[in-house]
Amino acid sequence: MSDDQRDQTPAEPDRGPARAAAPAGPEPEPIRFFGTTWVNHDGGYALRRAAVAVGALTTAVAAAVLLRLSYEGLEIGDVGPFLSISVVILFAIASSIAFAKTWESFSRRPAPSSDEAALKGLKAIGFIGSLIAYFLRCLTEAPGEKLRRAEYERAVAEFARRRSSRTGNPAARRPKRKK
């Protein structure tokens, strides 16, 4: 190796994934579209919230226009008032249930044995309600931020409590005397 090549070597050795340091505590759970920027409200958090809110509202309006065109197709097809009214009622009920379930998911996690899997089809039909819930939540915080922040702060406090109770090297302690 020549002197020129030695001068160009990096000062710090490259630490690959195998040598990465262990995390110094619990890691925050990322939120869709926000990653972990919700923890400190950095990294374009406010801009992301605005973009997600505008995107959800725009998508909801486009979906409503699409549903209106579909309804007009039913009117043109002259399917009768019963089917036309049934379709409107179906989408209204599905949207309200999707809104309620989506809003509820921002504040608590579903139980493992809950009926969330059974409601996937209904939430897909009422997707406009989910989009509106997403839009409204983005006006105040990242969707699910309050729940994840409470869980993260609880995990950090528990980690700090566990770390503070450790004193010294357990291997260096004297064995307890037998009576």
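Residue positions within a chain follow its written sequence, with the count starting from 1. Local features in a predicted model are, by the rule used here, given only for residues with pLDDT of at least 70; side-chain atom pairs are given and counted only at 80 or more, and totals for whole chains, interfaces and linings are based on all residues. Neither water nor hydrogens contribute to the side-chain values; these are computed over all heavy atoms in the structure.

**Topic: the nonpolar core**
And step 1. Within this scheme, the nonpolar core is defined by two criteria: the residues are buried Ala, Val, Leu, Ile, Met, Phe, Trp, Tyr or Cys, and they are joined through side-chain atoms within 4.5 Å. Note on exposure labels: buried denotes an accessible area under 20% of the residue type's maximum, exposed denotes more than 50%, and partly exposed covers the range between, all computed with a 1.4 Å probe on protein chains only. Within the largest apolar cluster, 14 residues are counted, with the highest numbers of intra-cluster contacts made by Phe-34 and Tyr-134.
And step 2. Numbered from the N terminus, helices here are DSSP runs of H or I no shorter than four residues, and strands are runs of E no shorter than two. Of all the elements in the fold, those that place two or more residues in this core are helix H2 (45-76) and helix H5 (127-138).
And step 3. When residues no more than four places from it in sequence are discounted, the contact partners of Phe-34 are Tyr-45, Arg-48, Arg-49, Val-52, Ala-142 and Pro-143. Note on contacts: a residue pair qualifies if any of its non-hydrogen atoms lie within 4.5 Å across the two residues.

**Considerations on the side chain of Glu-141**
And step 1. Here Glu-141 shows up in the loop between H5 and helix H6 (145-164).
And step 2. Between N or O atoms, a polar contact is any pair within 3.5 Å; within protein, one atom must be a potential hydrogen donor and the other a potential acceptor, and residues adjacent in sequence are included only when both atoms are from side chains. A distance of 3.5 Å separates the side chain of Glu-141 from the backbone nitrogen of Lys-146, its partner in a polar contact.
And step 3. When residues no more than four places from it in sequence are discounted, the contact partners of Glu-141 are Tyr-45, Arg-49 and Lys-146.

**Details of the side chain of Arg-137**
And step 1. When you line up the elements, Arg-137 lands in helix H5.
And step 2. Not counting chain neighbours up to four residues away, the residues in contact with Arg-137 comprise Trp-103, Phe-106, Ala-142 and Pro-143.

**Some details on the pattern of salt bridges**
And step 1. A carboxyl oxygen of Asp or Glu within 4 Å of a side-chain nitrogen of Lys or Arg is what we treat as a salt bridge. For the coordinates displayed, the defined rule picks out 8 salt bridges.
And step 2. A salt bridge links Arg-148 to Glu-29; the nearest nitrogen and oxygen atoms lie 3.6 Å apart. Separated by 119 residues along the polypeptide, Arg-148 in helix H6 and Glu-29 in the loop between helix H1 (3-7) and H2 bring together distant segments of the chain.
And step 3. With a relative accessible area of 33%, Glu-29 lands in the partly exposed category.
And step 4. Glu-158 is paired through a salt bridge with Arg-162; the nearest N and O atoms lie 3.2 Å apart. Pair noted here: Glu-158 and Arg-162 are both in helix H6, with a separation of 4 residues, about one helical turn.
And step 5. Exposure remark for Glu-158: the relative accessible area of 37% places this residue in the partly exposed category.
And step 6. A network of salt bridges, in which partner residues are shared, links Glu-29, Arg-109, Arg-148 and Glu-151.

**Here's the deal with unusual backbone geometry**
And step 1. Residue Phe-33 is not a glycine yet carries a positive backbone phi of 75 degrees.
And step 2. Structurally, Phe-33 is set in the loop between H1 and H2.
And step 3. Unlike most non-glycine residues, His-41 shows phi in positive territory, near 55 degrees.
And step 4. Relative to the elements of secondary structure, His-41 occurs in the loop between H1 and H2.

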